[in-house]
Structure formats: C-alpha cells, structure tokens
Amino acid sequence: MSPPGRPKGEHRSAQHEGIPVSHFCPVYPKPRASKASRWWLLFDARRSWLDNLYERSYAMKMGEIRLPGSRLYMVNEPALVRRVLVERAADYPKHRLMGDALRPLLGDSIFTTSGAAWQRQRDMMNPAFAEARIDATFPQMLRAVQAMTERLDDVADGAVHDVEAEMTHVTADIIFRTIFSTPLEGADARRMFDAFARFQVLAPRIAMPALYGLGWMVPFWQTWQSRRCGREIRDLLGALIRPRLEAYQAGRATGQRDILAALLEARDARSGQAMTFEELLDQVAMLFLAGHETSASALTWALHLLANAPDVQDRLAAEVRGVIGARLPEAGELREFELARRVFRETLRLFPPVGFLAREAAAPDCMRDKQMAAGSAVVIAPWLIHRHRELWERPDEFDPDRFASPAGRESARQAFLPFGMGPRVCIGAAFAMQEAVLVLAALAQRYRFAPVPGDVPEPVGRLTIRSANGVRLSVRRRALEAVAP
C-alpha cells in the first residue's frame, strides 16, 4: 500500500500483459500532518471539505470530530459502512444539512427528503426512470454526443480546450434530451450553467457552518444568492414542464416518450394521485442536477487521467476502432467497450463525484466503542474509502486494469461505492455508466488529449469534486477517416 501524502503527477512503471505501462498518480490536496482545530476545520471546509483531511484519514477505520454542540463521526470500515447505508438505513436518514443547502434548487425531491415522503417519491420514480433504459435513451444520447464532436471539430487542431466546460455541456444536453426530448443550447444553456456554477460555490458555505452547529454565521446575502440561483434554474425548467403538464391534463397527447412523459403518468400507489406541478419540478430539478453534474465531474477527471496515461488512451482508441471502426456505435455495442468501462470505474474510484455522504443518527448507537448520541452526524466518504491504504493496492495510482485482477475485484466488492449503496443507491447508476462509455468511446475514436505543461487541476470538494482552476487539455484529431452517420 502507498503511504499517505500528495502525489506529484508521477508515473510509475508496471506491467500489463508483459507490456510496460505507466501508472499515473494524479495530484490531490495535500493532507494535513495532524487533525486541525475545529475552527480551522470550519474555515477550510467553506472552500473545500477536502482541505480538512489529514494523513490518518486515509488509514483510519473510524474517526471522531468534536463540534460545538454536536459530534461528527467519519466511518471508513466496510462493515460499518454497510451497517449505516444498508442494514440499518432507516436509523441513519440523510442529514438535514444537505437538504437545507440544496432545497432552493431541488425542493422536496428524493434527494432531500427522508422517511415516508422519500419512500413514496422513490416508488413513483422507479417505474418512471425505466424510460432511461438504454434502448430508449440511446438515440438521444447519440445526438448529444454528435453535437459535442461537432463543437470539438471546430477547435483548432492542437489547441488548448476547457474539457470541464465541454463535459458539463454534453452531459447536461444528454439529460435534457432524455427528460424533455429537446436539446439544451443557446442562451438558456449559458444561463443554466452560470446559475448552477454560482449555486455550487455557495452550497458548502451554507451547509458546513450548519454541520458545525453554527448556521447563524451564514451571511444573509449568501442564503439570498443561493435561493436566487435555484429559482433561476427552476424557472427555466418550469417553463418546459408547465405546457407539457397542461397538455397532458387536457388530454392532448404529445407523442413524446421521455422521462417527463413517464413522470406525468406516475401515480401514488395508495391515493392514485398524480404529481403536482411543484412535485414534477422538484423531481426534474433533481434529475437534471444528478444527471449531469456527477457525470460531468467524472468524465472531466477521466479525460485528465487519460491525457496523463497515453498508453491507456491508445489502448482505448484501439478498442473502440476494433469494435466500430470509423462509424458511430449502436446501442448493443456499448457492452463491448470493456476498457472504457474500466477507465470510468477507476475514475469514479479516484474522483468519486459525490465525495461524502452525510447521515444522521436517529437514535443513540455504539460503533467501535464510540458512544454516539442521537443527532450525531455520520459521514461516509467514498473519497477516503476509495483511497484507503488498507483496502486498495497502490490506492493513489490510475490503473483501470486493477478491476480485472482478483485483488482489485475484492477491493471493489467491499470498498467501492461511487453511487452509494442500500435503499438510497443512485437511481441513475446504469444511465450514468452507459452515458460515460458512449462519451469516452466517441472521444477516444476521434481525438487525442494531452496535458498542458504547468497547468495542473486542483481538486476541491463542493457539491461534487471539481477542479478549482478548470481542466484544460490540448486536443488533436486522430488520423481517422470521417465517421459515418
């Protein structure tokens, strides 16, 4: 196992089927030598919760932080993680701080609610999300990916391009088409991206003081700005939902088979009631946020990793060409892109989009001889578990082939949870995987990405794990005949 510390963008020699390869160690925030005071923890967490971690965080099984008026417990041990998220999930509902921070945008959706309200919504959402199956969504995904490659073809060969902005655009376009059967483009796209970027910066500044029992310290103008950003996004979504709802209620069939159509038809199992406009807006806002932000984060880091591991990038291009040559893929061929799937899984391990899951103890409990009071915050951090020194070999290295080895499969079985686990596991996990494989295949088929000297991304933990300074890569077109439609 590698010692805790900060990788320097290093490459280490290894072997893949007898061929020397280079395992890239991406940079991540340098851990503190020891735990900081609670006040420094609060100060740093307002920018990025990754800055709070110290060296023992990557090797401990359970940690405790004493806060003003409460305590926070960090749980890394796989058996305890399963206990909190699966076996006794009802005893550890989602922490209210996340709901409070995200409610201006997501309202009372399945992302922010708990208990009976959450169960009712999940029961209604499950059949509706069946519309996101691969055979139904693939044509919309493919159109969005074609629009992405058209934008990239307009970039001068070898020029530096902001791939973070590009991945945000394509994933937002995919989920938008899947929900509404319409592309996301033009002025509305820019307004939505800008509003969400502001919302993402404000969320930890509001949530972290609340976690520390100091919600009164949040300046009123930050709360006002957060609500304004949420309202701006919801207004844009509502303008698309309302006419479809009115048409449905009037019996005017639109003929569209998308997620919104399925949500309009969803009924409560007990009352038989349909969703109101506000309920539709809440769930669509949640799907839009979860459906593009997490995928955009992961795909951005995937390109960063591939750019710094050219051997893996070339193998991926060869895999794609071996399956589809120069043409566009068909839905059934996505399963043949095995390396693309492993690249994405390894990216999710190193840079899990949702880096921590906050739960709240509903009643007193005891873990590893620690007596937890009711109301204690329990944090499960995929970021730490995926890099844990006792759970993974070479935990800081980018090695997609680890998932093909017995040791890697065992590590993944007990310590890999990019989509959570248990009853609150991400409803869109399969959607995200098929989307990522398609996007990575299309990019590897047509382009070669390379790092920009001296331009190293800086991971920060906010709503998702993004780069504080963007991710810019040089983009060159591969020598390949035109991709056939």
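All values derive from a computational prediction rather than experimental measurement.

**Student:** Quick question: what am I supposed to make of the overall build of the protein here?
**Tutor:** Summing up its helical and strand segments, the protein has 15 helices and 13 strands in all. For the protein, with 485 residues in total, the buried portion stands at 56%. The contacts of the protein with a sequence gap of at least 6 include a subset with a gap of at least 24, amounting to 73%. Carbon and sulfur atoms form 53% of the exposed surface of the protein, whose accessible area is close to 20300 Å².

**Student:** How should the layout of surface pockets be read in this particular structure?
**Tutor:** In this structure, the largest pocket spans a volume of roughly 490 Å³. Taken together, 22 residues line the largest pocket, and the ones lying closest to its centre are Glu 164, Thr 168, Phe 193, Ala 197 and Arg 466. Elements that contribute at least two residues to the lining of the largest pocket include exactly strand S5 (160-162), helix H6 (163-180), helix H7 (186-211), helix H10 (277-307) and strand S12 (465-467). Examining the composition of the lining of the largest pocket, we find that 6 residues originate from one element, H7, more than from any other. Classifying every residue of the lining of the largest pocket gives 7 nonpolar, 8 polar and 7 charged.

**Student:** Hey, could you run me through the sheet that holds strand S6 (residues 357-360) in this one?
**Tutor:** Backbone-to-backbone hydrogen bonds join strands into a sheet, with any given pair of strands oriented parallel or antiparallel. If you trace the 4 strands from one edge of the open sheet to the other, you get S3-S4-S9-S6, paired in mixed fashion. The sheet is open, and its two borders are formed by strand S3 (62-67) and S6, each paired with just one other strand. Adjacent strand axes in the sheet meet at a mean angle of 25 degrees when their direction is disregarded. Taken together, the 4 bridges between strand S4 (residues 70-75) and strand S9 (residues 377-380) define a ladder with parallel strand orientation. The partner of Tyr 73 across the bridge, within S9, is Val 378. Helix H2 (residues 78-87) contacts S3, S4, S6 and S9 of the sheet and is inclined by roughly 115 degrees relative to S9.

**Student:** What's the story with the confidence of the model for the protein in this structure? I'm lost.
**Tutor:** If pLDDT is low for a region, its predicted coordinates should not be looked at in detail. Overall, the predicted model of the protein reaches an average pLDDT of 86, with 87% of residues at or above 70. Of all the helices and strands in the protein, strand S1 (residues 10-16) carries the lowest mean pLDDT, 51, while helix H12 (residues 338-350) carries the highest, 98. Note that pLDDT drops below 50 for residues 1-8; the model gives that stretch 27 contacts with residues more than four away or on any other chain. Low confidence marks residues 13-20, where pLDDT is under 50. Its contacts with residues over four positions away, or in another chain, come to 10 contacts.

**Student:** Would you take a moment to explain the nonpolar core for this structure?
**Tutor:** One recurring pattern in soluble globular proteins: nonpolar side chains tend to sit buried together. Membership of the largest hydrophobic core comes to 141 residues, with the highest contact counts inside it found for Met 148, Leu 237, Leu 263, Trp 383, Phe 398, Leu 443 and Phe 449. For this core, the leading source of residues is H10, giving 17 residues. Setting aside residues no more than four positions away along its own chain, Phe 449 makes contact with Val 163, Leu 303, Ala 307, Gln 313, Leu 443, Leu 473, Ser 474 and Val 475.

**Student:** Mind showing me how you'd approach the packing of aromatic side chains here?
**Tutor:** When we look at a pair of aromatic rings, we describe it by the centre distance and by the angle of the planes. What the rule picks out here adds up to 10 aromatic pairs. Through a chain of ring-to-ring contacts, the aromatic side chains of Tyr 28, Tyr 58, Trp 301, Phe 351 and Trp 383 assemble into a single cluster. Geometry around Trp 392 places Arg 349 over its ring, the cationic atom sitting 5.2 Å from the centre.

Conventions we followed
Residues numbered from 1 in each chain as written. Predicted model: local features only at pLDDT ≥ 70, side-chain atom pairs only at ≥ 80, totals over all residues. Heavy atoms only, no water. Helix = DSSP H or I, 4+ residues; strand = E, 2+ residues; numbered from the N terminus. Buried < 20%, exposed > 50% of the residue type's maximum accessible area, 1.4 Å probe, protein only. Contact = heavy atoms within 4.5 Å. Areas by Shrake-Rupley, 256 points an atom, 1.4 Å probe, with all protein chains shown as cover. 1 Å grid on protein atoms, 1.4 Å probe; cavity = no way out; pocket = protein on both sides within 12 Å on 5 of 7 lines; lining within 4 Å. Points joined across faces, edges and corners; volume = space filled by probe spheres on them. Nonpolar A, V, L, I, M, F, W, Y, C, P; charged D, E, K, R; others polar. Pairing = 2+ DSSP bridges. Axes fitted to C-alpha atoms, helices over the stretch in contact; angles between N-to-C directions. pLDDT = per-residue confidence, 0-100. Core = buried A, V, L, I, M, F, W, Y, C linked by side-chain atoms within 4.5 Å. Phe/Tyr/Trp six-rings, centres within 6.5 Å; stacked < 30°, edge-to-face > 60°. Lys NZ or Arg CZ within 6 Å of the ring centre and 35° of its normal.

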